[in-house]
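Inside the fold
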Amino acid sequence: MRIDIVTGFPGLLESPLGESMIARARTSGAVDIVVHDLRDYTRDRHRTIDDTPYGGGAGMILKPEPVFECVERLQAERTYDEIILTTPAGKVFNQELANGLSLKDNLLILCGHYKGVDERIRQALVTLEISIGDYVLTGGELAAAVITDAVVRLLPGVVGDGESLLTDSFQDGLLDCPYYTRPPEYRGMKVPEVLLSGDHRKIEAWRMAEAEKRTRERRPDLLAR
Ligand code: SAM
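Residues numbered from 1 in each chain as written. Predicted model: local features only at pLDDT ≥ 70, side-chain atom pairs only at ≥ 80, totals over all residues. Heavy atoms only, no water.

One can find Asp37 in strand β2 (residues 32-37). A relative accessible area of 18% means that Asp37 is categorised as buried. At 2.9 Å, the side chain of Asp37 and the backbone nitrogen of Arg39 are in polar contact. The contact partners of Asp37, leaving out residues within four places of it in the chain, are Thr7, Gly8, Pro10 and Arg47. (Helix = DSSP H or I, 4+ residues; strand = E, 2+ residues; numbered from the N terminus. Buried < 20%, exposed > 50% of the residue type's maximum accessible area, 1.4 Å probe, protein only. Polar contact = N/O pair within 3.5 Å; in protein donor to acceptor, adjacent residues only side chain to side chain. Contact = heavy atoms within 4.5 Å.)

What follows is about unusual backbone geometry. Backbone torsion omega between Arg182 and Pro183 reads 5°, so that peptide bond is classified as cis. Assignment of secondary structure puts Pro183 in the loop between α7 (163-166) and β9 (185-186). A positive phi angle, close to 80°, is found at Phe170, a residue other than glycine. Position of Phe170 among the secondary structure elements: in the loop between α7 and β9. Phe170 sits in the partly exposed class, given a relative accessible area of 39%. Phi is positive for Arg187, close to 50°, though the residue is something other than glycine. Mapped onto the secondary structure, Arg187 falls in the loop between β9 and β10 (189-190).

Looking now at the site of the ligand. The ligand sits among 18 residues. The nearest are Thr86, Lys115, Ile132, Tyr135 and Leu137. Lys115 is positioned such that a nitrogen or oxygen atom in its backbone is 2.7 Å from a nitrogen atom of the ligand. For the ligand, a nitrogen atom lies 2.8 Å from a polar atom in the backbone of Tyr135. Its free accessible area being 580 Å², the ligand has 81% of it covered by the protein chains. Broken down by element, the shell around the ligand gets its largest block of residues, three residues, from strand β5 (residues 82-92). Each residue belonging to the shell around the ligand can be placed in one class, and the counts come to eight nonpolar, nine polar and one charged. (Near = heavy atom within 4 Å. Areas by Shrake-Rupley, 256 points an atom, 1.4 Å probe, with all protein chains shown as cover. Nonpolar A, V, L, I, M, F, W, Y, C, P; charged D, E, K, R; others polar.)

Inspection of every chain in the model, using the stated rule, returns 15 salt bridges. We note a salt bridge from Asp4 to Arg2, for which the minimum N-O separation is 2.7 Å. A single burial state applies to Asp4 and to Arg2, both of which are buried. Its salt-bridge partner being Glu129, residue Arg122 comes within 3.2 Å of it at the nearest N-O pair. Taking relative accessible area as the criterion, Arg122 reaches 29% and is therefore assigned partly exposed. A cluster of three or more residues bridged by salt bridges with shared partners is formed by Arg2, Asp4, Asp32, Arg73, Glu77 and Arg78. (Salt bridge = Lys/Arg side-chain N within 4 Å of Asp/Glu carboxyl O.)

Right, dumping it as structure tokens:
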């Protein structure tokens, strides 16, 4: 898979995409992630990517020209399955959406910034709008990092034991169960006996029951679905 991310603030993506599992996925070739600096597509001395809004009002707006020129250059090189705009007005991101995107070959993510992006970008270029939740971020970079992380960890070979993905929260409509590691007792808190029993059928049944209990207590809406 290849993911292109277009932003006026590439530095914001360096650490989230340059550490841990995502960094290893890039090194192993499971994913090719390329971050593009919108300012490379400007023509003025100050490398301006924003301007004041027509009609007045507070805040600046991401200009259309650098975005169109960058996206068109990328489109000349490959066909994108989705051109995603990060926006609070988008479809709320969830595991189902991440699963679907992980099956694509080429994704392009546009990071908004400032008060908003020129509406013509959305109209002419974007095929999917995604929000990562009902709150407002400074820019779309962290949203792009969240989407990229959730998608890349689903790609074959990225998570060491791929089976572990299947029991993650939301994959089977449940929250994940509690986990313990050594020592068997810590500060008076004991690991449940069943987990030390070596009886894998009982352990499996305990985990399923705990996942259901946790989901019922915290996210009954998931069970209702
Ligand atoms: N005025 C906009 C509004 O109220 O909907 C918010 C603009 S926000 C300060 C700047 C940029 O951050 C947005 O254009 C978008 O790209 C990104 N952004 C902010 N919140 C987001 C969210 N919840 N999900 C995805 N992107 C978000």
